[in-house]
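Here is how the chains run, residue by residue.
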Amino acid sequence: MGRRSAAGGESPRMPRLIRPSSPFPRARGSLILHALRAVMPSVYIKTYGCQMNERDSEAVSAQLVAKGYTLAPSESTADVVLLNTCSIRDMAEQKAINKMQNLIAESRRNRPGVVFGFMGCMAQSRGQRLIDRLPDVDLVVGTQKFHRTAEHLDTLLKGPRRKVVDIGPEEGSQSTIREHLLNGQVSRTAVTAFVSIMQGCNQHCTFCIVPQTRGSERSRTIGDIVAECRELVSRGVREITLLGQIVTSFGRRDIAPVQGRSGFVQLLEAVQDIDGLERIRFTSPHPKGYGDDLVEAYGRLSKLVESAHLPVQSGSDRMLKAMHRGYTREQFLKLIGKLRGVQPGMGITTDIIVGFPGETDDDFARTLSLVREVDFDMAFIFKYSPRHNTPAAALPDQLPRAMREERNQALLEVMNDIAARRYGAFVGRTVEILVEGPSRKNPARLMGRTRCNKIVVFEGGERHRDQVMDVRVTRSGGFTLYGDPAIVNLEPASHAAAPHLPAPIS
Ligand code: SAM
């Protein structure tokens, strides 16, 4: 209540904020703007969930920086704390709610006046209920309103603090996630970037909450996306990952196929034509979206890397049907065969749900056998989590938690064995990597990625940064390869060069 009673007036942190009639005195010239930036409120955004959420947070951060806000290095010093949430599983939602509770308690004790907000998927699905549960939350911004965050913060910070819940649909919102932080408050320009190409999902898998949180499919135009990619490349980006909830559905309703090539393949072709770009990735696709035109593109487009994420979810046709996935095990295996036919060294990863309602021992055994048969490089394994208002949540035969946990462990073990063999097979080979920056676990080392999406860690120096170069793999561990610095050879970047991929491992 302490903070709310202060809501009509100033918060103790806010004297730092100088408020001219417009909070952003651009008209007075860049010098004044520069000076004021130092005293503008600082914002910290914590992101939960997928790359789409990371990208949304980055765009909001960039929009805030453009308005003069600063980015706080941690939540403990920020004037505004925003949690960008994920709803895919209950655990992700609970984590964000617990985090907010802790932040609020800490703020009440030590730093009253902090502005708190939820953004993204859980904000969209729960809306006002979040404020009913946590009355100290000031702002709830849905998935079609990210670009309004800065505007809402301006209003809140000017006071009085009236709660804002903005979760309605907005036409054209798919085109508003475009700003990048390249020249924001990061010291270096990144060499890789995510570009959001569409929003929403029309698949309606029975387990999935995404159509509720992200709405139906809406695509940007190819011209708009290419312009953003060109801009990124002009600032030093060499690898772009195209993002969407079901990226392979891009342009399905707006872009007519040309000579059998879908809107998505037309987009890949347009991005391929950008001079200076080395690599193109995309996520997250749907197996149904891999038509022959896309399979063929892997052999034709030199910048499209040999990597495919194919969320299979289950190896049992009975489960696939209950999940409303729209393909069978046999069709999935056929697709894998086609992809490896075009690119034998293709890195193939997947998502799998264990413990879907009604999943029998036999269904699960089929998933295990599919994983062995495909020989995936990596799998994200999810324990089924019932989601509000999804058809699967109402199915009988919900499996006990212990059984979901047991199956999760069993599948993890199988996947780890496969990965140990597949990653081990790289040892002694030379691979082409794009060096992305310091390794996350040990920032004294550098980390790069192969075209087939394997992380390679090595002890390099400044001269290796941002380079496309060859590294000899000396050992593997978990889902990481390690390269020997003594035998790293810098080579001129050439996306046309054949990638140094291992032969298929059978
Ligand atoms: N494009 C993907 C596809 O083909 O379905 C969807 C990506 S979804 C954001 C990431 C993954 O979360 C899904 O592939 C699925 O494995 C998992 N997931 C979604 N809903 C889930 C639920 N209710 N319980 C457990 N895992 C879930």
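Residues numbered from 1 in each chain as written. Predicted model: local features only at pLDDT ≥ 70, side-chain atom pairs only at ≥ 80, totals over all residues. Heavy atoms only, no water.

S.K.: Describe in detail the overall build of the protein chain, supporting the description with residues and values.
M.R.: Each helix and strand counted, the protein chain has 15 helices and 19 strands in total. Taking all 506 residues of the protein chain together, the buried fraction comes to 54%. Considering only contacts within the protein chain whose residues lie at least 6 apart along the sequence, 74% involve residues at least 24 apart. (Helix = DSSP H or I, 4+ residues; strand = E, 2+ residues; numbered from the N terminus. Buried < 20%, exposed > 50% of the residue type's maximum accessible area, 1.4 Å probe, protein only. Contact = heavy atoms within 4.5 Å.)

S.K.: Could you give an account of the packing of aromatic side chains, with specific residues and numbers?
M.R.: The full count for this structure, using the stated rule, is seven aromatic pairs. Between Phe282 and Tyr290 the ring centres are 6.3 Å apart and the planes differ by 40°, which places this aromatic pair in the tilted class. Comparing Phe282 with Tyr290, the two get one shared label, buried. Taking the centre distance of 6.3 Å and the plane angle of 45° together, the rings of Phe282 and Tyr298 count as tilted. Placement of Phe282 in strand E11 (residues 279–283) and of Tyr298 in helix H11 (residues 292–300) is noted, with a sequence separation of 16 residues between them. Three or more aromatic residues joined by ring pairs form one cluster here, namely Phe264, Phe282, Tyr290 and Tyr298. Across from the ring centre of Tyr48, 5.4 Å away, lies the NZ or CZ of Lys46, which sits over that ring. Just above the ring of Tyr482 sits the side chain of Arg475; from NZ or CZ to the centre is 3.9 Å. (Phe/Tyr/Trp six-rings, centres within 6.5 Å; stacked < 30°, edge-to-face > 60°. Lys NZ or Arg CZ within 6 Å of the ring centre and 35° of its normal.)

S.K.: Residue-level account of the environment of Leu434, with values.
M.R.: Topologically, Leu434 is positioned in strand E15 (residues 430–438). We classify Leu434 as buried; its relative accessible area is 0%. Along the primary structure Leu434 and Arg238 are separated by 196 residues, whereas in three dimensions their C-alpha atoms are 8.5 Å apart. Sequence-distant contacts of Leu434, that is, excluding residues within four places in its chain, are made with Val191, Thr192, Arg238, Glu239, Arg279, Met447, Gly448, Arg449, Asp466, Gln467 and Val468.

S.K.: I'd like a rundown of the site of the ligand, residues and numbers included.
M.R.: Around the ligand, a shell composed of 18 residues is seen, among which Ser284, Gln313, Arg325, Asp351 and Ser385 lie nearest. Within the backbone of Gln245, a nitrogen or oxygen atom sits 3.3 Å from a nitrogen atom of the ligand. In this structure, Asp351 approaches the ligand through a side-chain N or O atom, which is 2.6 Å from an oxygen atom. Protein coverage of the free-state accessible area of the ligand, which is 570 Å², stands at 92%. Elements with a contribution of two residues or more to the shell around the ligand: strand E13 (347–354) and strand E14 (378–383). Among the residues forming the shell around the ligand, the class breakdown is eight nonpolar, five polar and five charged. (Near = heavy atom within 4 Å. Polar contact = N/O pair within 3.5 Å; in protein donor to acceptor, adjacent residues only side chain to side chain. Areas by Shrake-Rupley, 256 points an atom, 1.4 Å probe, with all protein chains shown as cover. Nonpolar A, V, L, I, M, F, W, Y, C, P; charged D, E, K, R; others polar.)

S.K.: An account of the packing of helix H9 (residues 222–234) against helix H10 (residues 263–272) is needed here, citing residue identities and associated values.
M.R.: Viewed as axis vectors pointing N to C, H9 and H10 meet at an angle of 30°, and their least axial separation amounts to 10 Å. You can see that H9 and H10 cross each other, and the crossing is right-handed. Contacts between H9 and H10 involve Ile222, Ile225, Val226 and Cys229 on the former and, on the latter, Gly263, Gln266, Leu267, Ala270 and Val271. Among the residues making up the contact of H9 with H10, the classes are represented as seven nonpolar, two polar and no charged. (Axes fitted to C-alpha atoms, helices over the stretch in contact; angles between N-to-C directions. Left-handed = near helix turned anticlockwise from the far one by under 90°.)

S.K.: Give me the pairing of strand E3 (residues 80–85): which residues, what numbers.
M.R.: With six of six residues buried, E3 is to be regarded as a mostly interior element. Residues of E3 alternate between two faces, with Val80, Leu82 and Asn84 on one and Val81, Leu83 and Thr85 on the opposite face, all of them buried. As judged from the five bridges shared by strand E1 (residues 42–47) and E3, these two strands associate in the parallel manner. The residue of E3 that forms the bridge with Ile45 is Leu82. As paired strands, E3 and strand E4 (residues 115–119) are joined by five bridges and run parallel to one another. (Pairing = 2+ DSSP bridges.)

S.K.: Give a detailed account of unusual backbone geometry, specifying residues and quantitative values.
M.R.: Residues Gly159 and Pro160 are joined by a peptide bond in cis, for which omega reads -5°. Mapped onto the secondary structure, Pro160 falls in the loop between helix H7 (149–158) and strand E6 (164–166). In this chain, Thr283 is followed by Ser284 through a cis amide linkage whose omega measures 5°. Mapped onto the fold, Ser284 is located in the loop between E11 and H11.

S.K.: Tell me about the nonpolar core, and name the residues and values.
M.R.: Membership of the largest hydrophobic core comes to 69 residues, with the highest contact counts inside it found for Ile197, Leu242, Phe264 and Phe282. Looking at which element gives the most residues to this core, the answer is helix H15 (residues 401–424), with six residues. Setting aside residues no more than four positions away along its own chain, Phe282 makes contact with Thr241, Leu242, Val247, Phe264, Leu268, Tyr290, Leu294, Tyr298 and Leu304. Counting residues in each nonpolar core, the second largest holds 22 residues, with Leu83, Leu103, Ala123 and Val137 among its members. (Core = buried A, V, L, I, M, F, W, Y, C linked by side-chain atoms within 4.5 Å.)

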